[in-house]
Amino acid sequence: MSASKLETYRLCPFQFFCGSALHLYTRKKIQLDPVNQGNLIHYCLEQMLRNHTRDAFLALTPEELEEKLQYWVNQYWNTALGGDFSKDPRSYAVYAEVQRQLLITLLHVQAELRQTRFYPHYLELPIQNHTAFTPLKALTEDGHSLQIEGIIDRVDTCELDGKTCVRIIDYKSGTKSFSFGNLRYGLDMQMLIYLFSLIYNQTPLQNAKIGGVLYMPAGGVKTNQERGSAKSKQELEQDAYRMSGLLMAAMGEKTFRGKQIYQWLHEKLVSTPDEMGNIPAKLKAGTSGASELITGKNDVYLSESAFHALYRYVMETLKQTAQQIYQGDIAANPLILPKKTVCKYCNYQDICGNLQQQPCRTTEPDAQEAMLELLKTWEASEYGMDK
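Predicted, not measured: the structure shown is a model, and the values here were computed from it. (Residues numbered from 1 in each chain as written. Predicted model: local features only at pLDDT ≥ 70, side-chain atom pairs only at ≥ 80, totals over all residues. Heavy atoms only, no water.)

1. Focus on the overall build of the chain
Here's step 1: Within the chain, the secondary structure is distributed over 12 helices and 13 strands.
Here's step 2: The buried share among the 387 residues of the chain stands at 49%.
Here's step 3: Considering only residue pairs separated by 6 or more positions, the chain has 73% of its internal contacts joining residues 24 or more positions apart.
Here's step 4: When the accessible surface of the chain is split by element, carbon and sulfur atoms take 49% of a total near 19,800 Å². (Helix = DSSP H or I, 4+ residues; strand = E, 2+ residues; numbered from the N terminus. Buried < 20%, exposed > 50% of the residue type's maximum accessible area, 1.4 Å probe, protein only. Contact = heavy atoms within 4.5 Å. Areas by Shrake-Rupley, 256 points an atom, 1.4 Å probe, with all protein chains shown as cover.)

Okay, here's the thing in structure tokens:
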């Protein structure tokens, strides 16, 4: 099963059943729709990084980036989308806008990689059986199993204290961002599943140190200026392209604040204390004169033991999901999120019999705090103590 199908099941078992079991799909035209836009973005970012060494990529000027990007965009346009055949003016407009957004994304990728020890080691890495990177396997009490396969957009590594450290980067061309609270409902687990597949299985990265998982905005990013805002265009763009996710706190530290987190994860992350970086936090001068890590309301840094506890929690969630699927739980019982209604764009509204969303499942008012408390319980128990 793919991570996206797992998420669909957690949101609505009936939607998963219709799409993945009955294979009821709507017919689609070959056009530059959001799916193909995302594929184009992934393809171009992969080729730009794969075909340049670190020094060569970081040395590219904006003009050189634009020229090389044009080549890869044209390659995808002609091979995957059939070139100019049957394209209308709207297709060309979307094509030009995606290319413009891609150039901005590449400039932000460059800026972020100049500020960190991490650098891409694997691109579009498949997590599949019969490869060097096999998927996690959750076993039910009845002997059934569930494996989550997929492709990791980017695996970055660096050497820290004589040990390899790993972080996962997932490109998002829409408005998707990571929500730690969603883990409580079995959502937003994709990158964690991939990370744990690399580290807890017998892979070339087995037992590597955890750096974290991050969503990287890539195309389709909006930098709306609110009325009365004094922010510059550059500041708005920086905010829009800031990554979201989970990062490891300093080695051996339980604190979630402090400059040591930056020193351990991102050498030279910021050139001045007030300069904003691309990861979900910033440094500011504290009252004592020392720099202090400032995180947003939704930013979460975990200790090493908390990440190990999170691995156990993810595996238990996969096991429970597998049991539900094998027991035939395909009820039209959607999970209603604060900013997302899974039913709104569902292709199966006419047959689910639950247009009124009764029954449905709802989330807690502060799911993030609830998830943090749950994780503390796992960390304190035997489940979080051994790797």
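2. Things to note about the pattern of salt bridges
Here's step 1: Inspection of the entire model under this criterion finds 9 salt bridges.
Here's step 2: Residue Arg167 pairs with Glu112 through a salt bridge whose shortest N-O separation is 2.9 Å. Within this pair, whereas Arg167 is found in strand S5 (residues 163–172), its partner Glu112 is found in helix H6 (residues 89–114), the two being separated by 55 residues in sequence.
Here's step 3: Arg154 is the partner of Asp156 in a salt bridge, and the nearest nitrogen-oxygen pair spans 2.7 Å. The two residues Asp156 and Arg154 agree in class, both being buried.
Here's step 4: When salt bridges that share partners are traced, they join Glu112, Arg154, Asp156 and Arg167 into one network. (Salt bridge = Lys/Arg side-chain N within 4 Å of Asp/Glu carboxyl O.)

3. Overview of the packing of helix H1 (residues 3–11) against helix H10 (residues 304–326)
Here's step 1: Two elements in contact, H1 and H10, have axes whose closest approach is 11 Å; the angle formed by their N-to-C orientations is 70 degrees. For the element pair H1 / H10, the angle class is roughly perpendicular. Residue-level contacts link Leu6, Tyr9 and Arg10 of H1 to Thr317, Leu318, Thr321, Gln324 and Ile325 of H10.
Here's step 2: Residue composition of the contact of H1 with H10, by class: 4 nonpolar, 3 polar and 1 charged. (Axes fitted to C-alpha atoms, helices over the stretch in contact; angles between N-to-C directions. Parallel < 35°, antiparallel > 145°, perpendicular 65-115°, else oblique. Nonpolar A, V, L, I, M, F, W, Y, C, P; charged D, E, K, R; others polar.)

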